[in-house]
Amino acid sequence: MMIQELLKKSLKFTLFLFIFSCSVSEPVIKNDEWDITYNYNIETKSYYETLSLFLYIYDEDGENDIERIFVIDDKNGLYWELWEDNWDIRYIGDNKYLGANNIQMNLDRPIPRVPLRIHVRDLAGEFTEGNVYITKKNVDVTTLKFPEIKKEGESLKLTNYNSGTLELIVNNEVIGKGVVTGEFQAFNQIFNIELSDLEDFELWVKVIDGDLTLRSGPITSF
């Protein structure tokens, strides 16, 4: 009888340990990286800002346990929703950051300079919240010197800055990046891709001017 009672207690204790060991943990926002890019569309002659925002999120249940990220502007009643199908991944050191490169306002309005509330939810429904403070100053984008590209055959050069980064975009995805300077360089030297292998594409050029990130494009043909 004593042995049976001990077995029952042992089973109950084992079951308790099993349930406890299966408990879930809420995610933790460890760090954030953000920047604002000032853009000029040479086709529409329009100016707009984009916010790049990436979060290092730790979850004891695994780095693939994050389900949704909400970027919320409570002051203006706006939010952006990120999930596996539309977020971007960036590695800084050994840490995996989730976020987006091109958060944009409607009607080309500036990114709000307000605290953004970050809501992160994992697959178990556990969540955490934090704030990201957008502190970069507002500027009159029409006064900025945006990068300009000159084409000659299948070669390109940057005319008003010493160097910049060219982005090759196909189907809204950056498939290549290369350095462009004040000297002509062939397209295939910059990207290691033959221009004849591409159909629809866009080229955008980005430079850093002091604490400003400036981007212009698209170039769609040669």
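Reading the values: rules and limits
- Every chain begins its residue count from 1, and numbering advances along the sequence as written.
- For this predicted model, a pLDDT threshold of at least 70 governs which residues receive local features, and a threshold of 80 or more governs which side-chain atom pairs are given and counted, while totals over whole chains, interfaces and linings are taken from all residues.
- As a convention, hydrogens and water are excluded, and side-chain values are obtained from all of the structure's heavy atoms.
- Working definition: helices are DSSP H or I runs of at least four residues, strands are E runs of at least two. Numbering for both runs from the N terminus.
- Relative accessible area decides the class of each residue, using a 1.4 Å probe on protein chains only: under 20% of the type maximum gives buried, over 50% gives exposed, and in between gives partly exposed.
- Contacts between residues were defined by any pair of non-hydrogen atoms, one from each residue, lying within 4.5 Å.
- All accessible areas in this document rest on Shrake-Rupley with a 1.4 Å probe, and a residue is counted as covered only by the protein chains that are shown.
- Put simply, two rings from Phe, Tyr or Trp (the six-membered ring, in Trp's case) pair if the centres are within 6.5 Å, and we call them stacked under 30 degrees between planes, edge-to-face over 60, tilted for the rest.
- By definition here, charges over rings are those cases where NZ of Lys or CZ of Arg is within 6 Å of the ring centre and within 35 degrees of the ring normal.
- Counted charges follow a simple rule, with Lys and Arg positive, Asp and Glu negative, and His plus the chain ends left uncounted.
- For this analysis, a salt bridge means a side-chain nitrogen from Lys or Arg found within 4 Å of a carboxyl oxygen belonging to Asp or Glu.
- For two strands to pair, DSSP has to find at least two bridges joining them.
- Note on definitions: angles span 0 to 180 degrees between N-to-C directions of axes, and those axes are lines fitted to C-alpha atoms, for helices only across the stretch in contact.

### What to know about the overall build of the protein
- Within the protein, the secondary structure is distributed over two helices and 15 strands.
- Within the span of the protein, comprising 222 residues, buried residues form 38% of the whole.
- Within the protein, contacts between residues separated by at least 24 positions form 58% of all contacts whose residues are at least 6 apart in sequence.
- When the accessible surface of the protein is split by element, carbon and sulfur atoms take 49% of a total near 13700 Å².

### So, the packing of aromatic side chains
- This structure, assessed with the given rule, holds nine aromatic pairs.
- Summarising the aromatic geometry, the rings of Tyr40 and Tyr47 are spaced 4.8 Å apart at their centres and angled 35° between planes, so their arrangement reads as tilted.
- Grouped by ring-pair contacts, the aromatic residues Phe187, Phe191, Phe201 and Phe222 constitute a single cluster.
- Above the face of the Tyr58 ring, Lys30 is positioned so that its terminal group lies 5.5 Å from the ring centre.
- Its end group placed over the ring of Phe54, Arg90 keeps NZ or CZ at 4.0 Å from the ring centre.

### Some words on the side chain of Asp122
- Locating Asp122 in the fold gives a position in strand S7 (residues 115-122).
- Here Asp122 sits buried without a salt bridge, and the closest side chain of opposite charge, Arg121, lies 7.1 Å off (N-O distance).
- Among residues more than four places away in sequence, those in contact with Asp122 are Ser25, Glu26, Pro27, Asp59, Asp61, Asp65, Ile66 and Glu67.

### Here we look at the pattern of salt bridges
- Under the defined criterion, the tally for this structure stands at eight salt bridges.
- Note that Glu81 is salt-bridged to Arg68, the shortest N-O span being 2.7 Å. Residue Glu81 is found in strand S4 (residues 78-82), and its partner Arg68 is found in strand S3 (residues 66-73); the two are separated by 13 residues along the sequence.
- A relative accessible area of 27% places Glu81 in the partly exposed class.
- Via salt bridges that share partners, Asp74, Arg117 and Glu129 belong to a single interconnected network.

### Considering the sheet that holds strand S8 (residues 127-133)
- Spatially, the four strands line up as an open sheet ordered S4-S3-S7-S8, and their pairing is antiparallel. A single partner strand is all that each edge strand has here, and the edge strands are S4 and S8. Ignoring strand direction, the axes of neighbouring strands in this sheet form an average angle of 20°.
- Pairing of S7 with S8 involves seven bridges; the strand directions are antiparallel. Within S8, the position partnered with Arg121 by the bridge is Phe127.

### Things to note about the sheet that holds strand S13 (residues 185-186)
- An order of S9-S10-S13 is seen for the three strands of this open sheet, with the pairing classed as antiparallel. Edge positions in the sheet fall to strand S9 (149-152) and S13, since each has one partner strand and no second.
- Bridge count for strand S10 (residues 155-158) against S13 is two bridges, and the pairing is antiparallel. Bridging from a neighbouring strand, Leu156 pairs with Gln185 of S13.

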